[in-house]
Structure formats: C-alpha cells, structure tokens
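# An overview of the molecular structure
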Amino acid sequence: MNLIFLGPPGAGKGTLAKQVAEAYKIPHISTGDIFRENIKNGTELGKKAKAIIDAGGLVSDEITIDLVKDRLSKDDTKNGYILDGFPRTIPQAEALDKFAHIDAAVDFSIPDADVVERLGGRRMCRKCGTPYNITAAPPKVEGVCDKCGGELYTRDDDTDEAIKHRLDVYREQTAPLIDYYKNKGNLKAIDARETLKTGMTQFKNLFPNA
C-alpha cells in the first residue's frame, strides 16, 4: 500500500500518518525527516541540501526527488509507505511516477477557515516542545505546560497572516495535485475536519482490504 497524503497545513496529515504507519507497519516518510536524516548522516545528497539550506536557499526539485528516490529504495518500504510532504508540485509528481507506483493519493479536505482556527489555536511549550491547542487540547492552566511548567507560545508561522500565506502557497503549488491524481483515478478523500476523532475509521473505510 503505497500512499500519498495531500492537504493544507493543519489538516492533520502528520497525525493520521503516524497512526496508520503504526497500525499497518509501514513507514511514514516526510521530506523534512529525509533532509534531517541525510544531513545528520553526512551523505552526499545531505551535504548538497545542507549547503543550500545554510545559504538560505530552497532545495531544488532535483535534489529533493533524488532524496525521496533513495529513501524509497530502503528495505522497510517493501510492504508500503506513506509519503507526507512529497510531491508538492506537478513536476515532482511526474518524476515520482517514473520510479514508484502509487496506489492512492488521499486528499485531506478542509475549509480554509477551519485551518486558520486550528493552527491559530496551536501553542507550543518553549521548554519541552509539547504541542497544545486552546480548543481541541488545551493545557490545564492557560499559558502553562502540563508536563514541565514551561511557557506556551504561538509559533511565528501560526499567526493569522502567516497561516493565510501558507494556504495561498498550498493552493497555488500543491492543490493542483488533487486533479492530477483524480485524473489518474486513484484519488481518495478524507474529511479532515474530523481527523482527530474519526481519522482511523475514515481511513479503514477507504481501504477495507488493506
């Protein structure tokens, strides 16, 4: 079961991907993790990516694609995998088609207003990094981490202005992938408004024979 999880920031892709990966014993592969692993291990691709990142640039499609191709060649992907954060563009999707078979792309469908509310309510502990949400998973004491007593803060990319910018980028660059996989006949959809409550149930309904 080779899957792609598509959706805007805050749709719950990462949370559900971890649950599915654990339940079905397949790896959850995010481009961020691939970058960090290769940079940490000092691979040739990792060195190239680090040089670009350190210079304040964006890692090219070519390097990103090579990193994903290398990751999918590992033994732990033989029974399937979940790609989260790749592909982000049509050219990346077309490149992926050349070295991988994708069984389905899962679209995490959610209105922009819900994303703004969800991410706008996100708080992080400055001390231990524990995440909270003032609506869905609030701390016992406002502004204070339950685990370590650290101060909770709003990340710079969780301000309303930053969230709207991230959504604009998603709609422009990544949303076209929805039609790309729909035209291939392997697009499935999840109601991302309910991922925290019914994500696994929805997933099992989409893939009853998995």
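Structural data are supplied above this passage.
Keep in mind that what you see is a predicted model, and the values were worked out from it rather than measured.

## What to know about the overall build of the protein chain
- For the protein chain, the helix and strand inventory stands at nine helices and eight strands.
- Over its C-alpha trace the protein chain gives a radius of gyration of 18 Å, about what one expects of a compact globule, namely 17 Å for 210 residues.
- Here the C-alpha coordinates of the protein chain stretch approximately 50 × 45 × 35 Å along the principal axes.
- Put simply, the protein chain has 210 residues, and 43% of those count as buried.
- Of the contacts formed within the protein chain by residues at least 6 apart in sequence, a portion of 70% connects residues at least 24 apart.
- Of the roughly 11800 Å² that the protein chain leaves accessible, carbon and sulfur atoms contribute 48%.

## Overview of the packing of helix 5 (residues 90-97) against helix 8 (residues 176-184)
- Remark: helix 5 packs on helix 8, axes separated minimally by 9 Å, with the N-to-C direction vectors making an angle of 35 degrees. Here Ile 90, Ala 93, Glu 94, Leu 96 and Asp 97 of helix 5 come into contact with helix 8, specifically with Pro 176, Leu 177, Tyr 180, Tyr 181 and Lys 184.
- For the contact of helix 5 with helix 8, the per-class residue count stands at seven nonpolar, no polar and three charged.

## As for the nonpolar core
- Ranked by internal contacts, the top residues of the largest apolar core, which has 25 residues, are Ile 4, Leu 72, Tyr 81, Leu 83, Leu 96 and Tyr 181.
- Within the residue set of this core, elements represented by two or more residues are strand 1 (2-6), helix 2 (31-41), helix 3 (44-54), helix 4 (61-72), strand 3 (81-84), helix 5 and helix 8.
- At five residues, the largest contribution of residues to this core is made by helix 4.
- What Leu 83 contacts, discounting residues up to four positions off in sequence, is Leu 3, Ile 4, Phe 5, Ile 29, Val 68, Leu 72 and Leu 96.
- Among the nonpolar cores identified, the runner-up in size contains 23 residues, and Ala 17, Ile 82, Ala 104 and Phe 203 belong to it.

## Let's talk about the packing of aromatic side chains
- Applying the stated criterion across every chain, the model contains five aromatic pairs.
- Seen in terms of ring centroids, Tyr 24 and Phe 203 are 5.5 Å apart; in terms of plane orientation they differ by 65 degrees. Their pairing is edge-to-face. Remark: Phe 203 occurs in helix 9 (residues 195-206) and Tyr 24 occurs in helix 1 (residues 13-24); sequence separation between them is 179 residues.
- Note on Phe 203: relative accessible area 0%, which makes it buried.
- The interplanar angle of 85 degrees and the centroid separation of 5.0 Å between the aromatic rings of Tyr 180 and Tyr 181 together place this pair among those described as edge-to-face.
- For Tyr 180, a relative accessible area of 16% translates into the label buried.
- Members of the aromatic cluster, each reached through a chain of ring pairs, are Phe 5, Tyr 24, Phe 108, Phe 203 and Phe 207.
- Here the guanidinium or amino end of Arg 126 rests over the ring plane of Tyr 153, the centre of that ring lying 4.3 Å away.
- When the ring centre of Phe 207 is taken as reference, the NZ or CZ atom of Lys 188 above it lies at 5.5 Å.

## Details of the side chain of Lys 13
- Following the sequence through the fold, Lys 13 ends up in helix 1.
- Other than its neighbours up to four places away in sequence, Lys 13 contacts Phe 5, Leu 6, Gly 7, Pro 8, Asp 84 and Phe 108.

## Here we look at helix 8
- Those residues of helix 8 that sit buried are Leu 177, Ile 178, Tyr 180 and Tyr 181. For helix 8, the arc enclosing every buried residue in end-on projection is 160 degrees, short of the 170-degree limit, so these residues lie on one face.
- The inward-facing, buried residues of helix 8 abut strand 1, helix 5, strand 4 (104-109), helix 7 (160-174) and strand 8 (187-191).
- Two residues or fewer past helix 8, Gly 185 is found with a positive phi of approximately 85 degrees.

Cut-offs applied
- Residues numbered from 1 in each chain as written.
- Predicted model: local features only at pLDDT ≥ 70, side-chain atom pairs only at ≥ 80, totals over all residues.
- Heavy atoms only, no water.
- Helix = DSSP H or I, 4+ residues; strand = E, 2+ residues; numbered from the N terminus.
- Rg over C-alpha atoms; globule rule 2.2 N^0.38 Å.
- Buried < 20%, exposed > 50% of the residue type's maximum accessible area, 1.4 Å probe, protein only.
- Contact = heavy atoms within 4.5 Å.
- Areas by Shrake-Rupley, 256 points an atom, 1.4 Å probe, with all protein chains shown as cover.
- Axes fitted to C-alpha atoms, helices over the stretch in contact; angles between N-to-C directions.
- Nonpolar A, V, L, I, M, F, W, Y, C, P; charged D, E, K, R; others polar.
- Core = buried A, V, L, I, M, F, W, Y, C linked by side-chain atoms within 4.5 Å.
- Phe/Tyr/Trp six-rings, centres within 6.5 Å; stacked < 30°, edge-to-face > 60°.
- Lys NZ or Arg CZ within 6 Å of the ring centre and 35° of its normal.
- Arc of directions from axis to C-beta.

From the geometry alone we can't say anything about function, so treat these as descriptive.
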